[in-house]
Amino acid sequence: MIKASAPGKVILFGEHAVVFGMPAIAAPLEGLRTTATISPLPEGAHNDILIEAPAIGYFQWLHEAAPNDPLPMIVQEFLTSVGIQKFDPLHLVIKSSIPSSAGLGSGAAASAAVIEALVRFFDKPTSASEISRIIYEAEKIHHGTPSGIDNTVVAHDRVVYFIRDQEPEFLNLHSPLWIVLGDTGERTSTSTAVSQVRRSWQEDPDHFEDIFQSIGAISRQARIAIIEGDHEILGKLMNKNQSKLEELGVSSDRLEKLNDAARQANAFGAKLSGGGMGGFIIALTDEGNVDAVCHSLSDAGATATFVSTIES
Ligand code: PMV
């Protein structure tokens with residue numbers, strides 16, 4: 001049996017504005033991962049793979065899958081890209097501790113874990129940028145017009161400073177970041193949030209471009225603060241970024257309540273992460289203050305909390 005895993009991710013700065021060409025910073029989450037295992041199937045058709053994600057009741061033979069089904073699409077794209085056509089029947093099982101549709105990159109992590117498992121099983125070393133390209137194909141099914149930040153951070157498993165259509169810059173952190181995540185329990189698809197921002201921008205381009213520019217400036221300052229390890233400044237920048245996301249219209253009452261709760265518990269700063277309109281907040285804090293932030297989030301109604309470090 002071959003096993004591989006890939007991390008979930010958070011967007012530390014710049015979501016939404018990144019779709020419009022501004023810089024953003026994303027980081028893999030050490031604590032939340034998806035695993036994929038591949039083992040031979042005693043019975044089944046040759047050159048076929050049974051793909052299973054038991055937690056969501058997903059069970060699909062590769063050759064019977066619809067063309068827009070992301071996981072089989074990823075598997076086929078990889079097999080084609082490395083020129084594999086003949087193999088004994090296989091069983092691919094995906095398990096994840098990453099909540100789905102919550103802005104934590106569960107789809108990209110599943111794709112990355114599957115490709116990494118295939119790479120190892122067929123012994124076909126593949127570059128992280130090729131893996132990122134294949135994941136992007138599946139992200140297009142999920143999101144329509146993704147910026148490419150999710151596939152990049154998950155495929156490389158590094159903190160990334162990302163500008164659309166440019167080579168990513170991987171950041172070396174001065175010191176680990178302690179992040180507490182709080183779940184609003186609300187779910188909105190990223191494509192809904194991205195479409196709403198696009199509509200607002202079309203109605204009032206000057207105003208929305210100003211907001212995107214401000215967010216871009218925040219990401220640029222955050223890049224320096226991450227490299228220098230200035231967590232106080234990073235927290236302030238997260239709060240500023242959150243205000244701009246509120247102006248974009250992708251926040252929610254619950255997100256703001258959880259952000260306030262994290263700040264009241266002395267987090268350096270807090271913001272929504274990802275598409276927004278629900279999903280998770282992320283709060284930056286000291287290692288010694290993690291429990292206090294978790295408790296404060298739970299008291300404010302968080303349906304779940306997680307702690308993860310971000311390291312380079
Ligand atoms: O997949 P999510 O919900 O983490 O959102 C990704 C970030 C967006 O900027 C909202 C979309 C994108 O494609 O960059």
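The structure presented is a predicted model; accordingly, all values stated were derived computationally and were not measured. (Residues numbered from 1 in each chain as written. Predicted model: local features only at pLDDT ≥ 70, side-chain atom pairs only at ≥ 80, totals over all residues. Heavy atoms only, no water.)

Chemist: I'd like a description of the overall build of the protein, backed by residues and values.
Modeler: Scanning the protein for helices and strands turns up 9 helices and 11 strands. Against the compact-globule benchmark of 20 Å for 312 residues, the protein has a radius of gyration of 20 Å, which places it among compact chains. Judged by the C-alpha coordinates and their principal axes, the protein covers about 60 × 45 × 35 Å. When the 312 residues of the protein are sorted by exposure, 54% land in the buried category. Here the protein has roughly 13,200 Å² of accessible surface; of this, 48% comes from carbon and sulfur atoms. Within the protein, one finds 23 positive and 39 negative side-chain charges whose respective centroids are separated by 1 Å. (Helix = DSSP H or I, 4+ residues; strand = E, 2+ residues; numbered from the N terminus. Rg over C-alpha atoms; globule rule 2.2 N^0.38 Å. Buried < 20%, exposed > 50% of the residue type's maximum accessible area, 1.4 Å probe, protein only. Areas by Shrake-Rupley, 256 points an atom, 1.4 Å probe, with all protein chains shown as cover. Lys, Arg positive; Asp, Glu negative; His and termini not counted. Charge placed at Lys NZ, Arg CZ, Asp CG, Glu CD.)

Chemist: How would you sum up the packing of aromatic side chains? Please name residues and give values.
Modeler: Summed over all chains, the structure comprises 5 aromatic pairs. Ring geometry for Phe87 versus Phe122: centroids 5.6 Å apart, planes at 70 degrees, classification edge-to-face. With Phe87 in the loop between helix H1 (70–82) and strand E5 (90–96) and Phe122 in helix H2 (residues 106–122), this residue pair connects regions lying 35 residues apart in the sequence. Here Phe87 and Phe122 have matching classes, each one buried. Aromatic side chains Phe121 and Phe122 sit 5.1 Å apart centroid to centroid with 80 degrees between the ring planes, which places their arrangement in the edge-to-face category. Its relative accessible area of 15% is what places Phe122 among the buried residues. Through a chain of ring-to-ring contacts, three or more aromatic side chains come together here, namely Phe20, Trp201 and Phe212. Across the ring face of Tyr161, the terminal group of Arg223 is positioned such that the distance to the ring centre comes to 5.6 Å. (Phe/Tyr/Trp six-rings, centres within 6.5 Å; stacked < 30°, edge-to-face > 60°. Lys NZ or Arg CZ within 6 Å of the ring centre and 35° of its normal.)

Chemist: How would you sum up the nonpolar core? Please name residues and give values.
Modeler: One finds Ile49, Ile51, Val75, Leu79 and Val114 to be the most contacted residues of the largest nonpolar core, which totals 44 residues. It is H2 that contributes the most residues to this core, 10 residues altogether. In contact with Leu79, other than residues within four places in its own chain, are Ile49, Leu62, Ile84, Phe87 and Phe122. One finds Ala27, Ala109, Ala222 and Phe280 within the second-largest nonpolar core, a separate group that totals 30 residues. (Core = buried A, V, L, I, M, F, W, Y, C linked by side-chain atoms within 4.5 Å. Contact = heavy atoms within 4.5 Å.)

Chemist: So, the pairing of strand E10 (residues 280–285): which residues are in play, and what are the values?
Modeler: Most of E10 is tucked away: 6 of the 6 residues are buried. Residues of E10 alternate between two faces, with Phe280, Ile282 and Leu284 on one and Ile281, Ala283 and Thr285 on the opposite face, all of them buried. Both strand E9 (residues 269–272) and E10 contribute to a ladder of 4 bridges, which runs antiparallel. Directly across from Ala270, in E10, lies its bridge partner Ala283. (Pairing = 2+ DSSP bridges.)

Chemist: If you had to explain a negative patch on the surface to someone new, which residues and values would you point to?
Modeler: Residues Glu203, Asp204, Asp206, Glu209 and Asp210 make up a contiguous surface patch of negative charge. For the negative patch, the element with the highest residue contribution is helix H6 (residues 205–228), accounting for 3 residues. Position of Glu209 among the secondary structure elements: in helix H6. The exposure class of Glu209 is partly exposed, given its relative accessible area of 37%. (Patch = residues over 30% accessible without salt bridge, like charges linked within 9 Å, V, L, I, M, F, W, Y side chains within 5 Å. Salt bridge = Lys/Arg side-chain N within 4 Å of Asp/Glu carboxyl O.)

Chemist: For the pattern of salt bridges, give the residues involved together with the corresponding values.
Modeler: Under the defined criterion, the tally for this structure stands at 12 salt bridges. For Asp157, the salt bridge identified is with Arg33, shortest N-O distance 3.6 Å. Residue Asp157 is found in the loop between helix H4 (149–156) and strand E6 (160–162), and its partner Arg33 is found in strand E2 (residues 24–40); the two are separated by 124 residues along the sequence. For Arg187, the salt bridge identified is with Asp183, shortest N-O distance 2.9 Å. Overlapping salt bridges, with partners in common, bring together Glu77, Glu130 and Arg133 in one network.

Chemist: Requested: an account of the environment of Ala304, with residues and values cited.
Modeler: Along the chain, Ala304 falls in strand E11 (residues 304–310). Residue Ala304 is classed as partly exposed on the basis of its relative accessible area, which comes to 25%. On a C-alpha basis, the gap between Ala304 and Ile11 in space is 19 Å, while along the polypeptide they are 293 residues apart. In contact with Ala304, not counting residues within four places along its chain, are Leu181, Gly182 and Asp183.

Chemist: Please give an account of the site of the ligand that cites residues and values.
Modeler: If you check the shell around the ligand, you find 16 residues, and the closest are Lys9, His16, Ser147, Asp150 and Thr190. The backbone of His16 places a nitrogen or oxygen atom 2.9 Å from an oxygen atom of the ligand. At 2.9 Å from an oxygen atom of the ligand is found a side-chain nitrogen or oxygen belonging to Asp150. Considering the ligand on its own, with 370 Å² of exposed area, one finds that the protein chains cover 97% of that surface. Of all the elements in the fold, those that place two or more residues in the shell around the ligand are strand E1 (2–13), H4 and helix H5 (190–203). Residues of the shell around the ligand, tallied by class, amount to 6 nonpolar, 7 polar and 3 charged. (Near = heavy atom within 4 Å. Polar contact = N/O pair within 3.5 Å; in protein donor to acceptor, adjacent residues only side chain to side chain. Nonpolar A, V, L, I, M, F, W, Y, C, P; charged D, E, K, R; others polar.)

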